[in-house]
Amino acid sequence: MPAFTAPDGTRLAYHVVGEGEPLICLPGGPMRASAYLGDLGGLAKRRRLVLLDLRGTGDSDVPADPSTYRCDRQVGDVEALRVQLGLESVDLLAHSAAGDLALLYAARYPRRVRTLTMVTARARALGVDFTTDQRLEAADLRADEPWFVSARDALGRVWDGTATDEDFDAAVPFFYGRWDAAAEAHAAGEVEQTNEEAADVYASPGSFDPAAARAALAGWDARVLVLAGERDGGPLPRVAAAIAELFPRAQLVVQDGAGHFPWVDDPDRFTETVASFLG
């Protein structure tokens, strides 16, 4: 497995899947090992996926200083990966919480990013956050599901901070466009793949300066794809549209029937959307 050294000396690993032009993929969670991205629904047949294990996750080493789990302090890790790959500029894909990391990287190194694909991604780095009401609004779209009643109660406790481990488990179906065997198998690895200590630090105070990031990206001319799931609450499609409006050259796509993991919900649709944008 290939690896490189981050600016602070931490050894970081990455995984290469597929062939073709490289696409650097940043996992969300926050701080979940890149294994959950898999081959992104078959996208590896169209692009060579370079899946970074963020520090302290997957096959990457735990840093000596836990404060370096903070999102803005991992920007140098992404740049070190670009240098390791010998690329003048990169196509960058970010899922979920990694949207913040990708945005901070683009703000610091705008000329190093050729395209940015934001997959159901956060944009706290630009001052856009997802509210509890928005999450519950998306959840209520699933009222016809047989598991809805118990899962909806559990989700409410997740977002008000009173959830038990059982509540987290019960609420998982809301993150997928359909709750089937493929979704269950994908969700099963979440706990083992996530560094909870790192997740607590990732978006801690000081991580984001939205005004500075917006100013840095105001004239950015890279192409951006903002891909939202129709049934996802983070972000809702209308919030994803607001994120897209922050970029001069952005394209918004809402994947029908998809939740937070659109490559699991409809691999073919996801792959075609992203490959068409990149190609």
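As shown above, the structure is provided for reference.
Residues numbered from 1 in each chain as written. Predicted model: local features only at pLDDT ≥ 70, side-chain atom pairs only at ≥ 80, totals over all residues. Heavy atoms only, no water.

### Things to note about the overall build of the chain
Note the following rule: Each helix is a run of DSSP H or I of at least 4 residues and each strand a run of E of at least 2, with the numbering of both proceeding from the N terminus. Radius of gyration means the value over C-alpha atoms here, while the globule rule gives 2.2 Å times the residue count to the 0.38 power. When a residue's accessible area, from a 1.4 Å probe over protein chains only, is under 20% of the maximum for its type it is buried; when over 50% it is exposed; and in between it is partly exposed. Pairs of residues are marked as contacts when any of their non-hydrogen atoms sit within 4.5 Å. Counted as positive: Lys and Arg. Counted as negative: Asp and Glu, with His and the chain ends omitted from the count. We put the charge of a Lys on NZ, of an Arg on CZ, of an Asp on CG and of a Glu on CD.
When you go through the chain residue by residue, the secondary structure sums to 12 helices and eight strands. For the chain, the C-alpha radius of gyration of 18 Å lies close to 19 Å, the compact-globule estimate for 279 residues. For the chain, the spread of C-alpha atoms along the principal axes amounts to about 50 × 40 × 40 Å. A total of 279 residues make up the chain; the buried ones form 53% of that total. Across the chain, every contact between residues at least 6 apart in sequence was considered, and the portion connecting residues at least 24 apart equals 73%. In the chain, the 27 positive side-chain charges and the 43 negative ones have mean positions that sit 8 Å from each other.

### Some thoughts on the layout of surface pockets
Our working definition: Cavities and pockets were defined on a 1 Å grid built over protein atoms only: a cavity is a set of grid points that admits a 1.4 Å probe from which the probe cannot escape, a pocket is an open set flanked by protein on both sides within 12 Å along at least five of seven lines, and lining residues are those with an atom within 4 Å of any such point. Grid points are joined across faces, edges and corners, and a volume is the space filled by probe spheres set on the points. Under the scheme applied, nonpolar residues are Ala, Val, Leu, Ile, Met, Phe, Trp, Tyr, Cys and Pro; charged residues are Asp, Glu, Lys and Arg; polar residues are all the others, including Gly.
The computed volume of the largest pocket comes to approximately 1200 Å³. In this structure, the largest pocket is lined by 36 residues; those nearest its centre are Gly-29, Pro-30, Phe-168, Phe-175 and Glu-190. Taken together, the elements giving at least two residues each to the lining of the largest pocket come down to α4 (148–160), α5 (165–171), α7 (190–193) and α8 (196–202). Looking at the lining of the largest pocket, its residues break down into 18 nonpolar, eight polar and 10 charged.

### Considerations on the packing of aromatic side chains
Cut-off, in case you're wondering: We call Phe, Tyr and Trp rings a pair once their centres come within 6.5 Å, taking the six-membered ring for Trp, and we label the pair stacked below 30 degrees between planes, edge-to-face above 60, and tilted otherwise. Any Lys NZ or Arg CZ that is within 6 Å of a ring centre and within 35 degrees of that ring's normal is treated as a charge sitting over the ring.
Per the stated rule, a full pass over the model turns up 11 aromatic pairs. Taken together, the aromatic side chains of Tyr-36, Tyr-176, Trp-179, Phe-261, Trp-263 and Phe-270 make up a single cluster linked through ring pairs. Just above the ring of Phe-277 sits the side chain of Arg-223; from NZ or CZ to the centre is 4.6 Å.

### Regarding helix α10 (residues 237–244)
What counts, and what does not: Arc definition: it is the arc formed by the directions from the helix axis to the C-beta atoms.
Looking at α10, one finds that the buried residues are Val-239, Ala-240, Ile-243 and Ala-244. All buried residues of α10 lie within an arc of 150° about the axis, which places them on one face of the element. Buried residues along α10 sit in contact with α3 (132–139), β7 (223–229) and β8 (250–255).

### Let's talk about empty space enclosed by the protein
Under the definition given, this model contains one cavity of 30 Å³ or more. Its volume calculated, the largest cavity comes out at about 110 Å³. Every residue lining the largest cavity is listed: Arg-135, Ala-138, Ala-139, Arg-142, Leu-155, Trp-159, Phe-174, Phe-175, Arg-231, Asp-232, Gly-233 and Gly-234. Listing elements by their share of the lining of the largest cavity, those giving two or more residues are α3 and α4. Take the lining of the largest cavity: its biggest share by element is three residues, from α3. Across the lining of the largest cavity, the residue classes break down as six nonpolar, two polar and four charged.

### Considering the nonpolar core
A general feature of soluble globular proteins is that nonpolar side chains tend to end up buried together. Where we set the bar: The criterion is simple. A nonpolar core is a set of buried Ala, Val, Leu, Ile, Met, Phe, Trp, Tyr and Cys residues joined through side-chain atoms within 4.5 Å.
Counting 54 residues, the largest nonpolar core has Leu-26, Leu-103, Leu-116 and Trp-220 as the members making the most contacts within it. It is helix α2 (residues 98–108) that provides the largest number of residues to this core, a total of eight residues. Setting aside chain neighbours within four positions, we find Leu-26 in contact with Leu-52, Val-78, Leu-92, Leu-93, Ala-94, His-95, Ala-98, Leu-101 and Ala-102. Counting 25 residues, the second largest nonpolar core, distinct from the first, contains Leu-43, Ala-44, Leu-51 and Ala-275.

### Considerations on the packing of helix α1 (residues 75–85) against α2
Heads up, the condition is: Where helices are involved, their axes are fitted lines through C-alpha atoms of the stretch in contact, as for all axes, and angles between N-to-C directions lie from 0 to 180°. Just so you know how the angles are binned, under 35 degrees is roughly parallel, over 145 roughly antiparallel, 65 to 115 roughly perpendicular, and the rest oblique.
For the pair α1 and α2, the least separation of the axes is 9 Å and the interaxial angle reads 70°. Looking at the two axes, α1 sits roughly perpendicular to α2. Within the contact between the two elements, α1 uses Val-75, Gly-76, Val-78, Glu-79 and Arg-82 and α2 uses Leu-101, Leu-104, Tyr-105 and Arg-108. Split by residue class, the contact of α1 with α2 holds five nonpolar, one polar and three charged.

### Some words on the packing of α3 against α4
At a minimum axis distance of 11 Å, the contact between α3 and α4 shows a crossing angle of 170°. Between α3 and α4, the angle is such that the two are roughly antiparallel. In this structure, α3 uses Thr-132, Arg-135, Leu-136 and Ala-139 to contact α4, whose residues at the interface are Phe-148, Arg-152, Leu-155 and Trp-159. Along the lines of polarity and charge, the residues of the contact of α3 with α4 split into five nonpolar, one polar and two charged.

### Focus on the environment of Asp-209
Position of Asp-209 relative to the elements: it lies in the loop between α8 and α9 (210–217). Overall, Asp-209 belongs to the partly exposed group, its relative accessible area being 46%. When the C-alpha atoms of Asp-209 and Ala-188 are compared, they prove to be 35 Å apart, with 21 residues separating the residues in sequence.

### Comments concerning the pairing of β8
How we decide: Each pair of strands is called paired provided DSSP finds at least two bridges between the two strands. Crossover handedness is defined here as right-handed if the route from the first strand over the helix to the second strand goes clockwise, with the strands pointing away from the viewer.
Strand direction decides the pairing type here: β7 and β8, joined by six bridges, are parallel. Note on β8: the bridge partner recorded for Leu-227 is Val-253. You can see the chain leave β7, run along α10 and come back into β8, and the turn it takes is right-handed.

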